[in-house]
Amino acid sequence: MLIHEKHSIIPACDVGVEKYEELLKATAGLKEIGAYKLGFVLALSIGLPKAVEIARKYTDKPIIYDHQKAATDIPHTGSSFAKVCKRAGIDAVILFPQAGPETERAWIDFARNEELEVIVGGLMTHKKYLRSEGGYIADDAIVEMYECAANLGINDYVVPGNNPESIRKIREMLIRERSNPVFYSPGFLTQGGRVDAAIEAAGEHFHAIVGRAIYDAPDMHEAAKEVCSYLG
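What you see is a predicted model; the values in this text were computed from it and never measured. (Residues numbered from 1 in each chain as written. Predicted model: local features only at pLDDT ≥ 70, side-chain atom pairs only at ≥ 80, totals over all residues. Heavy atoms only, no water.)

Scanning the protein for helices and strands turns up ten helices and eight strands. Computed over the C-alpha atoms, the radius of gyration of the protein is 17 Å, within 12% of the 17 Å expected from 2.2 N^0.38 for a compact globule of 232 residues. Sorting the 232 residues of the protein into buried and exposed places 53% on the buried side. Residue pairs at least 24 apart in sequence account for 73% of intrachain contacts in the protein once pairs closer than 6 positions are excluded. Treating the 26 positive side-chain charges of the protein as one cloud and the 33 negative ones as another, the clouds have centres 1 Å apart. (Helix = DSSP H or I, 4+ residues; strand = E, 2+ residues; numbered from the N terminus. Rg over C-alpha atoms; globule rule 2.2 N^0.38 Å. Buried < 20%, exposed > 50% of the residue type's maximum accessible area, 1.4 Å probe, protein only. Contact = heavy atoms within 4.5 Å. Lys, Arg positive; Asp, Glu negative; His and termini not counted. Charge placed at Lys NZ, Arg CZ, Asp CG, Glu CD.)

Shown next as structure tokens:
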């Protein structure tokens, strides 16, 4: 398993390099921190290798790269993506396979070839994402993204932390697909989600991804401690 604890907090490092290092210093010593999630801000500003190098000064916890959103291109580009992540020292990647099943299969295979852990998402936290809510993505397509991943042996999934009912439904579906789901969720605090409600819906293994509530706080260490206390 990527994170051995059943429940943890994953800081979302969607910040510039100076605040990134402050965030690492403030949180690396907390045992409830299970991993760190890097986003495109760091990747585009300083590069993934440098971002990983800075992280390794403070922590040996897993580093997850969230390309926001990866696996939305043609299938063969997944090879280059996986190789770049592996060379940088990334431990796991988040894929949102909105480009269809061929891309989903290919990008998962390429990531596995590079011995990267794969976390697959489908449903997001914001309004007007699904067709039924005025968005572009067909509701049935979300189910298919998760089903395809489960059929390929994926057990790690991103689900919206501010939508416990959807977490519950996705979990039930994945169990039917013979997956033993581990969930990773954004959408807390500033986006309205409650960690305790998401844990109840998600089951045994759950990791809350928290960004602004920690990195925008005047005291990031104290903010992270408070967020960690929500794990129970």
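That covers the picture; the talk isn't over yet.
By the definition in use, this model includes zero disulfides. This cysteine, C13, is not joined by any disulfide, and C228 carries the nearest cysteine sulfur, 13 Å off. (Disulfide = S-S within 2.5 Å.)

Further remarks concern the sheet that holds strand 6 (residues 156-158). The parallel closed barrel is built from eight strands, whose spatial order is 1-2-3-4-5-6-7-8. Neighbour-to-neighbour, the strand axes of this sheet turn through a mean angle of 25°, independent of strand direction. Sheet topology note: the strand 7 (residues 182-185)/strand 8 (residues 206-210) ladder contains three bridges and is parallel. Along strand 8, the bridge assignment pairs F183 with F206. Each of strand 1 (7-13), strand 7 and strand 8 touches helix 8 (residues 195-202); the most contacted strand, strand 8, lies at about 145° to it. (Pairing = 2+ DSSP bridges. Axes fitted to C-alpha atoms, helices over the stretch in contact; angles between N-to-C directions.)

The next point concerns a negative patch on the surface. A cluster of acidic side chains, namely E133, D139, D140 and E144, defines a negative patch on the protein surface. Mapped onto the secondary structure, E144 falls in helix 6 (residues 139-151). (Patch = residues over 30% accessible without salt bridge, like charges linked within 9 Å, V, L, I, M, F, W, Y side chains within 5 Å. Areas by Shrake-Rupley, 256 points an atom, 1.4 Å probe, with all protein chains shown as cover. Salt bridge = Lys/Arg side-chain N within 4 Å of Asp/Glu carboxyl O.)

What follows covers helix 3 (residues 48-55). For helix 3, the full list of buried residues reads L48, A51, V52, I54 and A55. Projected down its long axis, helix 3 carries its buried residues within an arc of 160°, all on one side. Against helix 1 (17-27), strand 2 (36-38), helix 2 (40-45), strand 3 (63-70) and helix 4 (77-88) lie the buried residues of helix 3. (Arc of directions from axis to C-beta.)

With that out of the way, let us pick up the pattern of salt bridges. Tallied over the entire structure, the rule returns twelve salt bridges. Residues K57 and E21 are paired through a salt bridge, measuring 2.7 Å at the closest nitrogen-oxygen approach. One end of the pair, K57, is in the loop between helix 3 and strand 3; the other, E21, is in helix 1, with 36 residues separating them in the sequence. The exposed category is assigned to K57, whose relative accessible area is 53%. Residues E114 and K83 are paired through a salt bridge, measuring 3.6 Å at the closest nitrogen-oxygen approach. A residue pair is termed long-range when its members are at least 10 positions apart, and E114 in the loop between helix 5 (101-113) and strand 5 (117-121) and K83 in helix 4 qualify at 31 residues. Taking the relative accessible area as the measure of exposure, E114 reaches 18% and is therefore buried. A relative accessible area of 37% places K83 in the partly exposed class.

Moving on to the packing of aromatic side chains. Under the defined criterion, the tally for this structure stands at five aromatic pairs. When the ring of Y157 is compared with that of F183, the centres are 6.4 Å apart and the planes differ by 50°; the resulting orientation is tilted. Remark: F183 occurs in strand 7 and Y157 occurs in strand 6; sequence separation between them is 26 residues. Taken individually, Y157 and F183 each receive the classification buried, so the pair is uniform in this respect. Arranged with centres 6.1 Å apart and planes meeting at 90°, the rings of F188 and F206 form a pair that is edge-to-face. Here F188, found in the loop between strand 7 and helix 8, pairs with F206, found in strand 8; they are 18 residues apart in sequence, far enough to count as distant. On the basis of relative accessible area, F188 is assigned to the buried category, the value being 4%. (Phe/Tyr/Trp six-rings, centres within 6.5 Å; stacked < 30°, edge-to-face > 60°.)

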